[in-house]
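# Close look at the chain arrangement
These are the residues of each chain, in order.
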Amino acid sequence: MNMTTFLILLSAFSVISSLVTEGIKNMAAHKENLSYNLITLVTALIVGGCGTAVYYQLNAIPFTTNNIIYMLLMGFASGLTAMVGFDKVKQAIEQFPNK
């Protein structure tokens, strides 16, 4: 995967992750103790990992150990870009041990 493909996929996955997170927030608006940053991170891991897997499958790229690691890293990267901003990332790290 070259840098251009990575950035295109990262942009698409971060937008999709943000939209799915907003949908989850709207469905669970009545619940009070939800950490939306953690929901965003989990959503982004799923969207980024599955999206990268679909990209690999459509381009006949084998599922090697390195490519599976890249799938997880794409999920984390799309989570970071979906949270947009250092303060959100810092808040997510602070909330993680509490949940």
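The sections below set out a description of the structure shown in this document. What you are looking at is a predicted structure, and each value in this text was computed from that prediction instead of being measured.

## Things to note about the pattern of salt bridges
Under the definition given, this model contains 1 salt bridge. Its salt-bridge partner being Lys-25, residue Glu-22 comes within 3.3 Å of it at the nearest N-O pair. With Glu-22 and Lys-25 both in helix 1 (residues 3-27) and 3 residues apart, this pair spans about one turn of that helix.

## Examining the packing of helix 1 against helix 3 (residues 65-83)
Axis separation between helix 1 and helix 3 bottoms out at 8 Å; the angle between their running directions is 60°. Between helix 1 and helix 3, the angle falls in the class oblique. The interaxial crossing formed by helix 1 with helix 3 has right-handed handedness. For the pair formed by helix 1 and helix 3, the contact residues are Phe-6, Leu-9, Leu-10, Phe-13, Ser-14, Ser-17 and Ser-18 on the first element and Met-74, Ala-77, Ser-78, Thr-81 and Ala-82 on the second. For the contact of helix 1 with helix 3, a count of residues per class yields 7 nonpolar, 5 polar and no charged.

## Quick look at the packing of helix 2 (residues 36-58) against helix 3
Orientation of helix 2 relative to helix 3, taken along the N-to-C sense of each, is 135°, at an axis distance of 7 Å. One way to sum up the angle between helix 2 and helix 3 is to call them oblique. Seen from above, helix 2 lies across helix 3 with right-handed handedness. For the pair formed by helix 2 and helix 3, the contact residues are Asn-37, Thr-40, Leu-41, Ala-44, Leu-45, Gly-48, Gly-49, Thr-52, Ala-53 and Tyr-56 on the first element and Asn-67, Tyr-70, Met-71, Leu-72, Met-74, Gly-75, Phe-76, Ser-78, Gly-79, Ala-82 and Met-83 on the second. Looking at the contact of helix 2 with helix 3 residue by residue, the class counts come to 12 nonpolar, 9 polar and no charged.

## Observations concerning the packing of aromatic side chains
What the rule picks out here adds up to 2 aromatic pairs. Ring geometry for Tyr-55 versus Tyr-56: centroids 6.1 Å apart, planes at 50°, classification tilted. Tyr-56 shares its class with Tyr-55; the two are buried. Here the aromatic rings of Tyr-56 and Phe-63 are separated by 6.0 Å at their centres, their planes lie at 75°, and the arrangement is edge-to-face. Here Phe-63 falls in the partly exposed class, since its relative accessible area comes to 42%. These aromatic residues form a ring-pair network of at least three members: Tyr-55, Tyr-56 and Phe-63.

Conventions used here
- Residues numbered from 1 in each chain as written.
- Predicted model: local features only at pLDDT ≥ 70, side-chain atom pairs only at ≥ 80, totals over all residues.
- Heavy atoms only, no water.
- Salt bridge = Lys/Arg side-chain N within 4 Å of Asp/Glu carboxyl O.
- Helix = DSSP H or I, 4+ residues; strand = E, 2+ residues; numbered from the N terminus.
- Axes fitted to C-alpha atoms, helices over the stretch in contact; angles between N-to-C directions.
- Parallel < 35°, antiparallel > 145°, perpendicular 65-115°, else oblique.
- Left-handed = near helix turned anticlockwise from the far one by under 90°.
- Contact = heavy atoms within 4.5 Å.
- Nonpolar A, V, L, I, M, F, W, Y, C, P; charged D, E, K, R; others polar.
- Phe/Tyr/Trp six-rings, centres within 6.5 Å; stacked < 30°, edge-to-face > 60°.
- Buried < 20%, exposed > 50% of the residue type's maximum accessible area, 1.4 Å probe, protein only.

Geometric descriptors of this kind do not, in isolation, establish any biological role.
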